[in-house]
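Letter by letter, the chains look like this.
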Amino acid sequence: MNRRDAFKVAGAGLVGGGAALGAAAPDSAATPVGGAQGPGTHLFHLTAAKPSEYDGGSLRGANEQTFPVLAGQDASVYFVTLEVGGIREPHWHPNAWELNFVVSGHAHWTVLGTHPDGSYHNDEFDAGPGDLVFAPTGFFHYFANTSPTDPLTVLIVFNSSTPEPNDDLGIVGSFNSVPRAVIAATFGIPVSALDGIPTEVRPVVITRAR
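Owing to the predicted nature of the structure, the values given are computational and were not obtained by experimental measurement.

## What about helix H3 (residues 180-187)?
Part 1 of the argument: Of all the positions in H3, only Arg 180, Ile 183 and Ala 184 are classed as buried. For H3, the angular spread of the buried residues around the axis is 100 degrees, confining them to a single face. The exposed set on the far side of H3, more than 90 degrees from its buried face, consists of Ala 185 and Thr 186.
Part 2 of the argument: Just downstream of H3 lies Gly 188, where phi reads positive at about 70 degrees.

Structure, rendered in structure tokens:
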């Protein structure tokens, strides 16, 4: 076999090997459990993902578990729907900021924290389609659907790949992790005034105005 023929044989082997590798690629990009990934590792069908359902709405997320390409990238995205009367439980994120884009509907927001002027207060406002709302890391916040007829949809971006609710601390869990006597003393009320409040410690949810 001369040198030219040898290169032909080697080239055919490389092409065949490449075809084999290409055939194996879909298996290496298998859809993660609960995810809605496309044919490649860089595509995720967010609004087609299986939602987490709550009384007041739903949440779909692309994070390091459902969209593995985000692992180590400090990024995750969520698509939240609040039905009429829906409220995202007041909460904060110890290790992530939150950037919200209102896709449709109207919302009322509250953001509590230390502001650039050094003061500590609530920032309350309404937001509609096309608006951005930013909640800095550690700031206490919530939002609610203010429309009496239409759902609210919000796209949320975090600078953390951690799945919900592993980086959320909600008002219910936080409140109930403190002894009732301490809460009563903080508010200056008798402990008996708290008797009607459930004592569960739970992850952050989407609830509904009663």
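There's more to say after this.
## Some thoughts on the pairing of strand S4 (residues 86-92)
Part 1 of the argument: Burial analysis of S4 places 5 of its 7 residues in the buried class, the great majority of the element.
Part 2 of the argument: Relative to strand S12 (residues 206-208), S4 runs antiparallel, the two being bridged by 3 bridges. Paired with Ile 87 across the strands is Thr 207, a residue of S12.
Part 3 of the argument: Here S4 pairs with strand S9 (residues 140-145) via 3 bridges, running antiparallel. Among the inter-strand pairings, His 91 is bridged to a residue of S9, identified as His 141.
Part 4 of the argument: Examined bridge by bridge, S4 and strand S11 (residues 169-170) share 2 bridges and lie antiparallel to one another.

## Observations regarding the packing of aromatic side chains
Part 1 of the argument: Across all of its chains, the model carries 5 aromatic pairs by this definition.
Part 2 of the argument: Ring plane angle 80 degrees and centroid distance 5.7 Å describe the contact between Tyr 78 and Phe 158, whose orientation is recorded as edge-to-face. Of the two residues, Tyr 78 sits in strand S3 (residues 76-82) while Phe 158 sits in strand S10 (residues 152-158), which places them 80 residues apart along the sequence. You'll find Tyr 78 and Phe 158 in the same group, each marked buried.
Part 3 of the argument: A centroid spacing of 5.7 Å and a plane angle of 50 degrees characterise the contact between Trp 97 and Phe 134, whose relative ring orientation is tilted. Here Phe 134 lies in strand S8 (residues 132-135) and Trp 97 lies in the loop between S4 and strand S5 (98-104), a separation of 37 residues in the sequence.
Part 4 of the argument: Note on Trp 97: relative accessible area 30%, which makes it partly exposed.
Part 5 of the argument: Owing to a relative accessible area of 41%, Phe 134 belongs among the partly exposed residues under this scheme.

## Some remarks on empty space enclosed by the protein
Part 1 of the argument: Taken as a whole and assessed by the stated rule, the structure comprises 2 cavities of 30 Å³ or more.
Part 2 of the argument: Considered as a void within the structure, the largest cavity measures approximately 60 Å³ in volume.
Part 3 of the argument: Lining the largest cavity we find Ser 76, Tyr 78, His 93, Phe 158, Ser 160, Thr 162, Pro 163, Glu 164, Pro 165, Asn 166, Asp 167 and Asp 168.
Part 4 of the argument: For the lining of the largest cavity, the residue count by class is 4 nonpolar, 5 polar and 3 charged.
Part 5 of the argument: Taken as a whole, the second largest cavity spans an internal volume of roughly 30 Å³.
Part 6 of the argument: Around the second largest cavity sit Leu 59, Tyr 78, Arg 88, His 91, Glu 98, Phe 143, Ile 156, Phe 158 and Glu 164, which together line it.
Part 7 of the argument: Secondary-structure elements contributing two or more residues to the lining of the second largest cavity are S4 and S10.
Part 8 of the argument: Per-class residue counts for the lining of the second largest cavity are 5 nonpolar, 1 polar and 3 charged.

## Looking at the environment of Arg 60
Part 1 of the argument: As for its position among the elements, Arg 60 is in strand S2 (residues 57-62).
Part 2 of the argument: Here Arg 60 falls in the buried class, since its relative accessible area comes to 19%.
Part 3 of the argument: As for Arg 60 and Thr 81, which are separated by 21 residues in sequence, their C-alpha atoms are 8.8 Å apart.
Part 4 of the argument: Among all residues touching Arg 60, those that are not within four sequence positions of it are Leu 46, Thr 47, Ala 49, Lys 50, Pro 51, Val 77, Tyr 78 and Phe 79.

## Quick notes on the sheet that holds S2
What links the strands of a sheet is backbone hydrogen bonding, and the strands pair in either a parallel or an antiparallel sense.
Part 1 of the argument: With antiparallel pairing, 6 strands are arranged side by side in an open sheet as S1-S2-S3-S10-S5-S8. This sheet does not close on itself; its edge strands, each paired only once, are strand S1 (52-54) and S8. Strand-to-strand, the axes of this sheet are offset by a mean angle of 20 degrees, without reference to chain direction.
Part 2 of the argument: Here S2 runs beside S3; their pairing, made up of 6 bridges, is antiparallel.

## Things to note about the pattern of salt bridges
Part 1 of the argument: In this structure the tally under the stated criterion is 6 salt bridges.
Part 2 of the argument: Among the salt bridges present, the one from Asp 55 reaches Arg 208, with a minimum N-O distance of 3.8 Å. Separated by 153 residues along the polypeptide, Asp 55 in the loop between S1 and S2 and Arg 208 in strand S12 bring together distant segments of the chain.
Part 3 of the argument: Relative accessible area serves as the criterion here: at 43%, Asp 55 is assigned to the partly exposed category.
Part 4 of the argument: A relative accessible area of 26% means that Arg 208 is categorised as partly exposed.
Part 5 of the argument: Across the pair Arg 88 and Asp 168 runs a salt bridge whose closest N-O atoms are separated by 3.7 Å. Taken together, the residues Arg 88 in strand S4 and Asp 168 in the loop between S10 and S11 connect sequence positions 80 residues apart.
Part 6 of the argument: For Arg 88, a relative accessible area of 2% gives the class buried.

So, how was this worked out
Residues numbered from 1 in each chain as written. Predicted model: local features only at pLDDT ≥ 70, side-chain atom pairs only at ≥ 80, totals over all residues. Heavy atoms only, no water. Buried < 20%, exposed > 50% of the residue type's maximum accessible area, 1.4 Å probe, protein only. Helix = DSSP H or I, 4+ residues; strand = E, 2+ residues; numbered from the N terminus. Arc of directions from axis to C-beta. Pairing = 2+ DSSP bridges. Phe/Tyr/Trp six-rings, centres within 6.5 Å; stacked < 30°, edge-to-face > 60°. 1 Å grid on protein atoms, 1.4 Å probe; cavity = no way out; pocket = protein on both sides within 12 Å on 5 of 7 lines; lining within 4 Å. Points joined across faces, edges and corners; volume = space filled by probe spheres on them. Nonpolar A, V, L, I, M, F, W, Y, C, P; charged D, E, K, R; others polar. Contact = heavy atoms within 4.5 Å. Axes fitted to C-alpha atoms, helices over the stretch in contact; angles between N-to-C directions. Salt bridge = Lys/Arg side-chain N within 4 Å of Asp/Glu carboxyl O.

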